[in-house]
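Structure assessment
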Amino acid sequence: MISRVPPSDRLTSTRVIAVLRAPHVSALAPVCDVLVEEGILSLELTLTTQGLLDSLPGLVDRFAGTADVGVGTVLDTNQASKAIDSGAQFLVTPTMNLPVVDLAVTNKVAVFPGGLTPTELAAGWQAGATAVKIFPAQTVGTGYLKHLRGPFPDIQVVPSGGVDLDAAREWLAAGAVAVSIGGPLVGDAVSGGDPRELRRRCREVLAVTALARP
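A brief report on the enclosed structure follows. (Residues numbered from 1 in each chain as written. Predicted model: local features only at pLDDT ≥ 70, side-chain atom pairs only at ≥ 80, totals over all residues. Heavy atoms only, no water.)

Some details on the nonpolar core
In globular proteins that are soluble, nonpolar side chains generally tend to be buried together. In terms of nonpolar packing, the biggest core is built from 67 residues, with Leu 20, Leu 35, Leu 43, Leu 45, Leu 91 and Leu 185 touching the most fellow members. Top element by residues in this core is helix H2 (residues 28–37). It accounts for seven residues. Apart from residues lying up to four places away in sequence, Leu 43 is in contact with Ala 18, Cys 32, Leu 35, Val 36, Phe 63, Asp 68, Val 69, Gly 70 and Phe 90. In terms of nonpolar packing, the next biggest core, distinct from the first, is built from eleven residues, Val 5, Ala 110, Val 177 and Ala 178 among them. (Core = buried A, V, L, I, M, F, W, Y, C linked by side-chain atoms within 4.5 Å. Buried < 20%, exposed > 50% of the residue type's maximum accessible area, 1.4 Å probe, protein only. Helix = DSSP H or I, 4+ residues; strand = E, 2+ residues; numbered from the N terminus. Contact = heavy atoms within 4.5 Å.)

If you want it as structure tokens, here you go:
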């Protein structure tokens, strides 16, 4: 039997993962503060951010009991191990890296591996992924999920890549467990943008996720 870590209650209630790519880790905490205050409770901090793993334990502690802090752009098991050791509550990969999925499952950490083809997505799901990340989702559209559910009726997906408010609404209505949103939500916040605008975008996103139902 597959030992699958289910999505957290925070993710199933809010149905959105915020993706933060910052030039340096020092930019993350103030932006994460606003996201969490506004009710965005799943934060994917990417390894493209300089200094992330060194600062991850402090960020995890900062939002302990309040939000899920995960690590994205995980490319190999070495990075995955370091992220888990630093307290990552979930892992996200851009490709279908089954060794990373296996490592996460073994450590009982939620994992969202990326893929695009039915072969890739089914392999990740069968390996025990929490949900598979359709990436880049913009290239296939929401009708793709209906086709996937034909041979794989139980597969759970999180679309990522080019997901704006309209696409989020469509994917969630089609049955996605959640959506992964970067630029349309975070915008210029990690480079000093107006936090009031970030708050406005958070509210717009949560209004969409609250209303969109399969």
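Here we look at the pattern of salt bridges
One side chain can pair with another of opposite charge once the charged atoms of both are near each other. Counted under the stated rule, the structure contains nine salt bridges. The structure contains a network of salt bridges with shared partners spanning Glu 37, Glu 38, Arg 199 and Arg 203. (Salt bridge = Lys/Arg side-chain N within 4 Å of Asp/Glu carboxyl O.)

Notes on the packing of H2 against helix H3 (residues 52–62)
At their nearest, the axes of H2 and H3 sit 11 Å apart, and the two run at 30° to each other. With respect to each other, H2 and H3 are oriented roughly parallel. Crossing of H2 over H3 shows right-handed handedness. On H3, the residues touching Leu 28, Ala 29 and Asp 33 of H2 are Leu 52, Leu 59 and Arg 62. Of the residues in the contact of H2 with H3, the class split is four nonpolar, no polar and two charged. (Axes fitted to C-alpha atoms, helices over the stretch in contact; angles between N-to-C directions. Parallel < 35°, antiparallel > 145°, perpendicular 65-115°, else oblique. Left-handed = near helix turned anticlockwise from the far one by under 90°. Nonpolar A, V, L, I, M, F, W, Y, C, P; charged D, E, K, R; others polar.)

So, the side chain of Thr 209
The residue Thr 209 is located in helix H10 (residues 195–211) in this model. There is a polar contact of 3.1 Å between the side chain of Thr 209 and the backbone oxygen of Thr 14. At 3.1 Å, the side chain of Thr 209 forms a polar contact with the backbone oxygen of Leu 206. When sequence neighbours within four positions are dropped, the list of residues in contact with Thr 209 reads Thr 14, Arg 15, Val 16 and Leu 172. (Polar contact = N/O pair within 3.5 Å; in protein donor to acceptor, adjacent residues only side chain to side chain.)

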